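Fold and geometry: a report
Residues per chain are reported as follows:
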Amino acid sequence: MLKFRLLEIPTEEKEITHVFSVSEVLRALEERDCDQSRPLEPLEVRVCLRRTEKQVFARGWLRGKMELRCARCLELFVTPVRLEFQQVFLPRTQAPESEEDCLRAEDLDVTYYSGEEVDLTPIIWDELILDVPFSPLCHRDCRGLCLKCGANLNEARCHCPTRTGTARWDALRDIKL
């Protein structure tokens, strides 16, 4: 976990390195219903922290390797994780109180804390999940699967007959005149 007591965070930037084990990452992904990826190695996080009275500034990066399933051919493939993040932590008392306060782009990098600790762990997991593509591809030119026999078209050409024409005329083909 990446939890820090406010008073232990220096006013000058301090760099901290933490390694999340494969089991920690798997557990975090499962808790967030993110089962389309899994880590192949521990994920390394490097964070630079500094504080002013009640504000904490964090910036850092996350590195590792994840295994994803291709959305077209359904094969597993490995992709590097290389993402950067930044976050500002403010006391909960500074959070907007009404819905009339509009959410601005700069508010997306703000997290509110209560008590005397800030926890970067949820930020790390959110960034990791947001980095996973919605439809991951093993490579840009992935040909996918044959719609008839299910053959992986990246590995071999299937022997299914190719259609001529379009499906919208199929109903007219069976009409006897």
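Here goes a summary of the coordinates provided.

Reading guide: rules and limits
- Residues numbered from 1 in each chain as written.
- Predicted model: local features only at pLDDT ≥ 70, side-chain atom pairs only at ≥ 80, totals over all residues.
- Heavy atoms only, no water.
- Helix = DSSP H or I, 4+ residues; strand = E, 2+ residues; numbered from the N terminus.
- Polar contact = N/O pair within 3.5 Å; in protein donor to acceptor, adjacent residues only side chain to side chain.
- Contact = heavy atoms within 4.5 Å.
- Core = buried A, V, L, I, M, F, W, Y, C linked by side-chain atoms within 4.5 Å.
- Buried < 20%, exposed > 50% of the residue type's maximum accessible area, 1.4 Å probe, protein only.
- Salt bridge = Lys/Arg side-chain N within 4 Å of Asp/Glu carboxyl O.
- Phe/Tyr/Trp six-rings, centres within 6.5 Å; stacked < 30°, edge-to-face > 60°.
- Axes fitted to C-alpha atoms, helices over the stretch in contact; angles between N-to-C directions.
- Parallel < 35°, antiparallel > 145°, perpendicular 65-115°, else oblique.
- Nonpolar A, V, L, I, M, F, W, Y, C, P; charged D, E, K, R; others polar.

**Structural notes on the side chain of Thr-121**
Among the secondary structure elements, Thr-121 is positioned in helix H2 (residues 121-131). At a separation of 2.8 Å, a polar atom in the side chain of Thr-121 contacts the main-chain amide nitrogen of Leu-2. At 2.9 Å, the side chain of Thr-121 and the side chain of Asp-119 are in polar contact. Thr-121 has contacts with Met-1, Leu-2 and Phe-20, leaving out every residue within four places of it along the chain.

**As for the nonpolar core**
Residues Leu-49, Val-118, Leu-120 and Leu-128 are the most contacted members of the largest nonpolar core, which totals 29 residues. At the level of elements, strand E2 (14-20), helix H1 (22-31), strand E4 (43-52), strand E5 (55-69), strand E6 (76-91) and H2 are the ones that each hand at least two residues to this core. The residues contacting Val-118, other than those within four sequence positions of it, are Leu-2, Lys-3, Phe-4, Leu-6, Ile-9, Val-56, Phe-89 and Tyr-113. Membership of the second largest hydrophobic core comes to six residues, among which are Cys-70, Cys-73, Val-132 and Cys-142.

**Points about the pattern of salt bridges**
In total, this model carries five salt bridges according to the counting rule given. Residue Glu-15 pairs with Arg-46 through a salt bridge whose shortest N-O separation is 3.5 Å. Here Glu-15 is found in strand E2, whereas its partner Arg-46 is found in strand E4, with 31 residues between them in sequence. We note a salt bridge from Arg-38 to Glu-67, for which the minimum N-O separation is 2.8 Å. Here Arg-38 is found in strand E3 (residues 37-39), whereas its partner Glu-67 is found in strand E5, with 29 residues between them in sequence. Using a relative accessible area of 38% as the deciding quantity, one classes Arg-38 as partly exposed. Through salt bridges that share partners, Glu-15, Glu-44 and Arg-46 make up one connected network.

**Quick look at the side chain of Ser-37**
Position of Ser-37 relative to the elements: it lies in strand E3. Setting aside anything within four residues of it in sequence, one finds Ser-37 in contact with Leu-29, Met-66, Glu-67, Leu-68 and Val-132.

**What about the packing of aromatic side chains?**
A complete count under the given rule lists one aromatic pair for this structure. Ring geometry for Phe-20 and Trp-125: centres 4.6 Å apart, planes at 55 degrees, overall tilted. With a gap of 105 residues between them, Phe-20 in strand E2 and Trp-125 in helix H2 connect regions that are remote in the sequence. By relative accessible area, which is 1% here, Phe-20 ends up buried.

**Side note on the packing of H1 against H2**
Direction vectors running N to C along H1 and H2 enclose 75 degrees, while the axes themselves pass 11 Å from each other. Judged by the inter-axis angle, H1 sits roughly perpendicular to H2. Of the residues in H2, those in contact with Glu-24, Val-25, Ala-28 and Leu-29 of H1 are Trp-125, Leu-128 and Ile-129. Taken together, the residues that form the contact of H1 with H2 break down as six nonpolar, no polar and one charged.

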